[in-house]
Amino acid sequence: MRIALAVLRRDRRSQVATVLVALGVMIAVSLVLWLVAAPNALQARSDRTVWREVFGGKGDGAISVAVNRDSYGDTLIQRFDVARTRPGDVAVAAGIPKFPEVGEVLLSPALADLVRTTPPEKLGNRFPGRQVAVLGDEALKYPGELVAIVGHQEVPSGYPALDLKGGTGPYADDYESMLTLLTRVGLVVLVVPCLVLVASAARLTAAKRERRLAALRLAGASPRQVVVMTAVETAIGAVVGSVLGVLLAQPFSHVTATIPWEGGTWFPGDFVPSPAVVAAVAVLAPVLVVGAAIMGLRRVVNQPLAAEGKRTVRPWRLLMIAGAIGVFFLGITYAREAGGANQFTVVLLGLGGVALALVLAGPVLTAWVGRFFVGRWRGPSTLLAGRRLAGDPVAAFRGSAGVVIAVFTGSMALTMLPGLESQVPFRDRTWVENALVAQGVQHDITPLRLATSAPIITMLDGTVGNDQRGTYVVVGHCEDVAKVLPGLNCRPGPAVYASEPLPGTKFESDKVEATLPDRYETRPFAGNGQVGVVIDRDLLPTTSGEVSLVAVPTTPENRELVHTAMVGTLPGARLVDSEQLYGDTLMADLERATVIGLSIAAVLGGIGAAVAAAGSVIDRRRTFGALIAAGTPIRVLGHALRREVMLPVFAVTLAACGAGLVIGLGLLSLARGIVGHGDMPITPWVLAPVGVGVVVALVAALACGPVLRGISPRDYAAE
């Protein structure tokens, strides 16, 4: 131990390495604490909103509830229309003061303030009755969330529920489950670069340390003494870095809480990991760093004379990628059939396995690249780089590992994003932009006609087909439907407007069944979205008066007025516009999270590459000193060092991009299975991370320059 402390006091290069180890561990610890806090933050939201998972009365619930998304401008409003179905007490969750009776309204503080400052015909009339209380933070997803619970005599479109307390499990819908999956995927793919950064920091000055320890072993030092010296020398920087990382994580969590997700920011305590997690990460990080340093001493302990030998790699490492991908797709199959909190465990294990397999298989490709350039190139810089890559591929690839993971993460994300756009509620241009459309209408339309002078178009949706398949259709008067459905060109006389003949004549909806005539005219119509078939109501006279869709064309001046009239008179009906706004919010969240995640991965990869590249120069200080003494220009050595980083990065990132494409398609298929719909497009942008990775590696390789310029022939003589 005294020898290790003496080395740290007197050797400037060891001091620099210790500082870099501390910085690397500090960054890794703070990021890991931030990443492990993300699931806790989502769980905290779920705990506060579990009361919204209120269904389960099985037809005999004490209350009836309709859960819908509303909006005011570009802001979402979570609306709950409730009514008693039998007398008695109704349990409510924390943050809900009471169950609202007929004519009573509970609003969140932000919505109450908005109602007070907005004309009632634009917002307040949506919540008929008297506000009796405000909702507490314990019932809100995020600060400033707009939530309303409105009491009614009855809710025609409601579902039976036992209470407003919810169950004991986390609140989740399909999109919540998809977002949880994506959050955990981000956690896994960003933890791996953190580990690579820690390993790069732990391997700084490893070659010089090995030579020094090998000399001590030959002089009579025991294996235990060698291990203790290494542990002490490494632990000093690792412990200091771990402490600084824990201290840095606290302000970092407050900054993260300001990032919007699902429409709002976070409460201050959401992004705070538990003390047990903080303690585990703070202890585990130095242990891993010290362990990585000790694991590199096997040759020094067992074969001191072979400490300078280079490690070879076997091609079988490539099989690890195939094995990890197999585990990943096994997890996909399991996740589709299983449920619960551990649904995605095998998927995440396979994903982490693929990332680690890329790191472990990278030296194989690095060695192949080195042999190629040694055999076919004659430039001095490329030959020097090729010799290094072929002679010690493990050390040569170390600086590229973080960049490879960043490319893998980027290609995976860019594979998934285009497909996710079709897996969340989105603006599919089914209806004209100025129309407000309410779905699931089971109400009398007369109050709406009295509340607004705008034209009201009533329709009935259902399916037409046979036992094997059915086609979604809308029934209505063609001249009216054409006012809100783009591309519909009506002609006199009843007809079916579709792009192809219907698969049957039987029409079914939740309200009525009817049969089309044996013969009818089919006119061309190509819908832009969900509605591809329109049937003139005269062909189904028995559906007269039945309504499930209500559409109202609006103008910029009366849009909010019509919106308020529809919500106030059709409680529980779903407005398509609000669902689309929710989809836009989700996509903005996913795009923001992707940019943040890829930026962090790129920065981690760049820092790891810079640390490893600088460490390789420090390790080979004597070699470079000898080359300089022999007359090799520093410019040539600088080119060689940059090629050492660039050549394996370009080769391995192509493999990482392919693996990211495969994993992205697998995750996209799983997300589609969760939501129940969606496409799987592939765009040329999936190749963009390769170019970005090469640029990041080049920037990181420039870190070698200052270290290289500090070497002189005297270093060779001193050694």
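Residues numbered from 1 in each chain as written. Predicted model: local features only at pLDDT ≥ 70, side-chain atom pairs only at ≥ 80, totals over all residues. Heavy atoms only, no water.

## What to know about the overall build of the protein
Stage number 1. When its secondary structure is counted, the protein shows 22 helices and 16 strands.
Stage number 2. Scored against the burial criterion, the 719 residues of the protein give a buried share of 53%.
Stage number 3. Nonlocal contacts in the protein, meaning residues at least 24 apart in sequence, comprise 83% of its contacts between residues at least 6 apart.
Stage number 4. If you sum the accessible surface of the protein, you get close to 31,200 Å²; carbon and sulfur atoms cover 60% of it. (Helix = DSSP H or I, 4+ residues; strand = E, 2+ residues; numbered from the N terminus. Buried < 20%, exposed > 50% of the residue type's maximum accessible area, 1.4 Å probe, protein only. Contact = heavy atoms within 4.5 Å. Areas by Shrake-Rupley, 256 points an atom, 1.4 Å probe, with all protein chains shown as cover.)

## Things to note about the state of the cysteines
Stage number 1. Tallied over the full model, the rule gives one disulfide.
Stage number 2. A sulfur-sulfur distance of 1.8 Å marks the disulfide that ties Cys478 to Cys490. Across the S-S bond of Cys478 and Cys490 the torsion is about -90°, and the bridge reads as left-handed. One end of the pair, Cys478, is in helix α15 (residues 478-481); the other, Cys490, is in the loop between α15 and β10 (496-497), and 12 residues separate them in sequence. (Disulfide = S-S within 2.5 Å.)

## Comments concerning helix α9 (residues 318-337)
Stage number 1. Its 20 residues place the ends of α9 30 Å apart at the C-alpha level, agreeing with the 28 Å of an ideal helix rising 1.5 Å per residue.
Stage number 2. If you check which residues of α9 are buried, you get Ile321, Ala324, Ile325, Phe328, Gly331, Ile332 and Ala335. Seen from one end, α9 has its buried residues packed into an arc of 115°, which puts them on one side. Among the exposed residues of α9, those oriented more than 90 degrees off its buried face are Leu319, Ala322, Leu330 and Glu337. (Expected span 1.5 Å × (residues − 1). Arc of directions from axis to C-beta.)

## Some details on the pairing of strand β3 (residues 104-107)
Stage number 1. Side chains Glu104 and Leu106 project from β3 onto one buried face, and the interleaved Val105 and Leu107 project onto a second face that is buried too.
Stage number 2. Tracing the backbone out of β3, into helix α3 (residues 109-116) and back to the parallel element strand β4 (residues 130-134) gives a crossover that is right-handed.
Stage number 3. Bridge count between β3 and strand β5 (residues 147-152): three bridges; the pairing is antiparallel. In the sheet register, Leu107 faces β5, and the bridge partner there is Ala148. (Right-handed = clockwise from strand over helix to strand, strands pointing away. Pairing = 2+ DSSP bridges.)

## Quick notes on the nonpolar core
Stage number 1. Leu351, Val354, Leu358, Phe408, Met412, Ile663 and Leu667 are the most contacted members of the largest nonpolar core, which has 80 residues in total.
Stage number 2. At 13 residues, the largest contribution of residues to this core is made by helix α2 (residues 12-49).
Stage number 3. If we skip the residues at most four places from it in the chain, Met412 touches Val185, Val189, Leu351, Gly660, Ile663, Gly664 and Leu667. (Core = buried A, V, L, I, M, F, W, Y, C linked by side-chain atoms within 4.5 Å.)

## Points about the packing of aromatic side chains
Stage number 1. This model, assessed by the stated rule, comprises four aromatic pairs.
Stage number 2. With centroids separated by 5.2 Å and ring planes inclined at 85°, the aromatic side chains of Phe328 and Phe329 adopt a geometry described as edge-to-face.
Stage number 3. For Phe329, a relative accessible area of 35% puts it in the partly exposed group.
Stage number 4. Geometry around Trp266 places Arg45 over its ring, the cationic atom sitting 3.7 Å from the centre. (Phe/Tyr/Trp six-rings, centres within 6.5 Å; stacked < 30°, edge-to-face > 60°. Lys NZ or Arg CZ within 6 Å of the ring centre and 35° of its normal.)

## Points about the packing of α9 against helix α10 (residues 345-376)
Stage number 1. In contact at an axis separation of 7 Å, α9 and α10 are set at 165° when each is read in the N-to-C sense. It follows from the interaxial angle that α9 and α10 lie roughly antiparallel. Relative to α10, α9 is oriented so that their crossing is left-handed.
Stage number 2. Among the residues forming the contact of α9 with α10, the class breakdown is 22 nonpolar, three polar and no charged. (Axes fitted to C-alpha atoms, helices over the stretch in contact; angles between N-to-C directions. Parallel < 35°, antiparallel > 145°, perpendicular 65-115°, else oblique. Left-handed = near helix turned anticlockwise from the far one by under 90°. Nonpolar A, V, L, I, M, F, W, Y, C, P; charged D, E, K, R; others polar.)

## Topic: the sheet that holds strand β2 (residues 75-84)
Stage number 1. The mixed open sheet is built from six strands, whose spatial order is β4-β3-β5-β2-β1-β6. The outermost strands of the open sheet, each flanked by one partner alone, are β4 and β6 (159-161). Direction aside, neighbouring strands of the sheet carry axes that sit 30° apart on average.
Stage number 2. Alignment of β3 against β4, held across four bridges, turns out to be parallel. Across the sheet, the residue bridging to Glu104 is Arg130, located in β4.

## Brief notes about a nonpolar patch on the surface
Stage number 1. A cluster of nonpolar side chains, Ile236, Val239, Val240, Val243, Leu244 and Leu247, forms an exposed patch at the surface whose accessible area comes to about 480 Å².
Stage number 2. With respect to the secondary-structure elements, Leu247 resides in helix α6 (residues 223-256).
Stage number 3. For Leu247, a relative accessible area of 57% translates into the label exposed. (Patch = residues over 30% accessible without salt bridge, like charges linked within 9 Å, V, L, I, M, F, W, Y side chains within 5 Å. Salt bridge = Lys/Arg side-chain N within 4 Å of Asp/Glu carboxyl O.)

## Notes on the pattern of salt bridges
Stage number 1. Within this structure, the stated rule accounts for 17 salt bridges.
Stage number 2. A salt bridge links Asp81 to Arg79; its shortest N-O distance comes to 2.9 Å. Accessibility classification places Asp81 together with Arg79 in one group, the buried group.
Stage number 3. Arg491 is the salt-bridge partner of Glu521, the closest N and O atoms lying 3.3 Å from each other.

## Side note on the packing of α6 against helix α7 (residues 275-295)
Stage number 1. In the contact formed by α6 and α7, the axes pass within 8 Å of each other and the chain directions differ by 150°. On the basis of their axis angle, the class for α6 and α7 is roughly antiparallel. α7 is crossed by α6, and the crossing has right-handed handedness. Of α7, the residues touching α6 (which contributes Val227, Thr230, Ala231, Thr234, Ala235, Ala238, Val239, Ser242 and Val246) are Val278, Ala282, Pro286, Val289, Val290, Ala293 and Ile294.
Stage number 2. Taken together, the residues of the contact of α6 with α7 break down into 13 nonpolar, three polar and no charged.

## What to know about unusual backbone geometry
Glycine aside, residues mostly have negative phi, and peptide bonds are mostly found in the trans state.
Stage number 1. If you check the backbone angles, Glu262 has positive phi at about 60° while not being a glycine.
Stage number 2. With respect to the helices and strands, Glu262 occurs in the loop between α6 and α7.
Stage number 3. What makes Glu262 buried here is its relative accessible area of 5%.

## Notes on the pairing of strand β8 (residues 457-465)
Within a regular strand, side chains alternate between the sheet's two faces.
Stage number 1. Examined bridge by bridge, β8 and strand β15 (residues 549-553) share three bridges and lie antiparallel to one another. Note on β15: the bridge partner recorded for Met459 is Leu549.
Stage number 2. Two elements, β8 and strand β9 (residues 470-476), share six bridges in a ladder whose sense is antiparallel. If you follow Gly465 over to β9, its bridge partner there is Gly470.

## Regarding the environment of Val617
Stage number 1. With respect to the helices and strands, Val617 occurs in helix α17 (residues 576-619).
Stage number 2. With a relative accessible area of 0%, Val617 lands in the buried category.
Stage number 3. For the pair Val617 and Leu708, spaced 91 residues apart in sequence, the C-alpha separation works out to 6.6 Å.

## Quick look at the environment of His477
Stage number 1. Looking at the element boundaries, His477 is found in the loop between β9 and α15.
Stage number 2. In the structure, His477 is positioned 57 residues away from Val534 in sequence and 9.0 Å away in space, judged by C-alpha atoms.
Stage number 3. If near-sequence neighbours (up to four positions away) are discounted, His477 is found in contact with Asp536, Arg537 and Asp538.

## Concerning the confidence of the model for the protein
Stage number 1. Residues at a pLDDT of 70 or more form 83% of the protein, whose mean pLDDT is 80.
Stage number 2. Per-residue pLDDT stays below 50 along residues 168-174; that stretch engages in 16 contacts with residues further than four places along the chain or on separate chains. (pLDDT = per-residue confidence, 0-100.)

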